[in-house]
Structure formats: C-alpha cells, structure tokens
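These are the residues of each chain, in order.
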Amino acid sequence: MAKCPAILAEIKAYDMDANGSVSRDEIATRIQSLLKHGVGLTRLNCDVNLNGRGLSDATIEFVPETYLGEEIKAAQGVTNERGVAQMAIPAEQLPEDQRDLKAIHYGTYKVRITHPKVKLPARYNTETTLGYESRPGDPYATFTLKTP
C-alpha cells in the first residue's frame, strides 16, 4: 500500500470487507463509484502548510496512479501567498471545449510538492508518501508538511 498513498489515505473506503488488505475488485468498485456521477472533472484547491504556515510558491503535482490508464491526466498548481493552489490539468491535454476549466479528473493520485528555495524532504516529492483521492463534493485538500 505504500506504493499507492491515495488508497492508503482512504483505506476504510477501499477495504470494504475490513480484512486489512485491498483487492483488485475493491479498487475497481471504488473507482467505479467515483465515476458513476458522470462528471469526469472536479475543481480542487490545495492548501499547503509547512511547519504551521502557508507555503507560497510551492509546486504541487498530482500524478495519477498507473492502474487508472492514460485517460486520467496529471494536474499541477502553484501556491499563492497564503499557500493555496488551484489544481489544473494543462489545457492542451483537455478537449477543446474544456480548456478554460481549472480542474482535475476523479481518481487516485500520488502527490509531489516541490519548492524553488525551500528544500523539502524526499517523502514529499521524489519518494512521496502523499496521496489524494479526488471525489465529488470535496473541493479542498490540505497537506501539512514538516521539516526538521
């Protein structure tokens, strides 16, 4: 499960039989439930805090889990002065009629957070332990980071 931090973060939703592990069928059932709403995109704002304060100028990347296939695209955002970023799939990767949207696909993602000046631990980027599952009705995500 460490290789799929989004599922680990939502383990109770995936482990439907509460046996302590997640099967392929349980993953498929959960993903189908996310997609049953018929809407493939959702807005998402991310709040990034470092040592208790909003982290400005951080780049957040949502990388879809490989089992989702090539249809689910990666999304990025850069935090503002309060540490908040609106996530978005690059416009060129969206259908022409959706290119004005700042949104992400429903699904499970590895989350990588980097900063041009602050050295963040690898567990937040190159060896990320951060994960997120986008879902209907939940347009906010918070990532609380700590450095030594």
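Keep in mind that what you see is a predicted model, and the values were worked out from it rather than measured.

*Asks:* Please provide a residue-by-residue account of the overall build of the protein chain, values included.
*Replies:* For the protein chain, the count of helices and strands is three helices and ten strands. Of the regular secondary structure in the protein chain, the N- to C-terminal order runs α-α-α-β-β-β-β-β-β-β-β-β-β. Radius of gyration (C-alpha) of the protein chain: 15 Å, near the 15 Å computed for a compact globule of 148 residues. For the protein chain, the spread of C-alpha atoms along the principal axes amounts to about 45 × 40 × 25 Å.

*Asks:* Describe the environment of A2, naming the residues involved and giving the relevant values.
*Replies:* Assignment of secondary structure puts A2 in the segment before α1 (5–9). In the structure, A2 is positioned 127 residues away from T129 in sequence and 7.1 Å away in space, judged by C-alpha atoms.

*Asks:* Which residues make up the side chain of H105, and what values go with them?
*Replies:* Along the chain, the position of H105 falls in strand β7 (residues 104–105). A relative accessible area of 13% places H105 in the buried class. Non-local contacts of H105, meaning those with residues more than four positions away in its chain, are made with G40, L41, E71, I72, K73, I89 and S134.

*Asks:* An account of the packing of aromatic side chains is requested, with residue identities and associated values reported.
*Replies:* Each aromatic ring pair is specified by the distance between its two centres and by the angle formed by the two planes. Applying the stated criterion across every chain yields a total of four aromatic pairs. Ring centres 5.5 Å apart and planes at 55° place the aromatic pair F62 and Y109 in the tilted group. Residue F62 is found in strand β4 (residues 59–64), and its partner Y109 is found in strand β8 (residues 107–114); the two are separated by 47 residues along the sequence. Note on F62: relative accessible area 0%, which makes it buried. Measuring from centroid to centroid gives 6.5 Å for Y132 and F143, while their planes differ by 65°, and the two rings are edge-to-face. With Y132 in strand β9 (residues 130–134) and F143 in strand β10 (residues 140–145), the pair connects residues that are eleven residues apart, well separated along the chain. Taken together, the aromatic side chains of F62, Y109, Y132 and F143 make up a single cluster linked through ring pairs. The ring centre of Y14 lies 5.8 Å from the NZ or CZ of R30, which sits over that ring.

Reading the values: the criteria
- Residues numbered from 1 in each chain as written.
- Predicted model: local features only at pLDDT ≥ 70, side-chain atom pairs only at ≥ 80, totals over all residues.
- Heavy atoms only, no water.
- Helix = DSSP H or I, 4+ residues; strand = E, 2+ residues; numbered from the N terminus.
- Rg over C-alpha atoms; globule rule 2.2 N^0.38 Å.
- Buried < 20%, exposed > 50% of the residue type's maximum accessible area, 1.4 Å probe, protein only.
- Contact = heavy atoms within 4.5 Å.
- Phe/Tyr/Trp six-rings, centres within 6.5 Å; stacked < 30°, edge-to-face > 60°.
- Lys NZ or Arg CZ within 6 Å of the ring centre and 35° of its normal.

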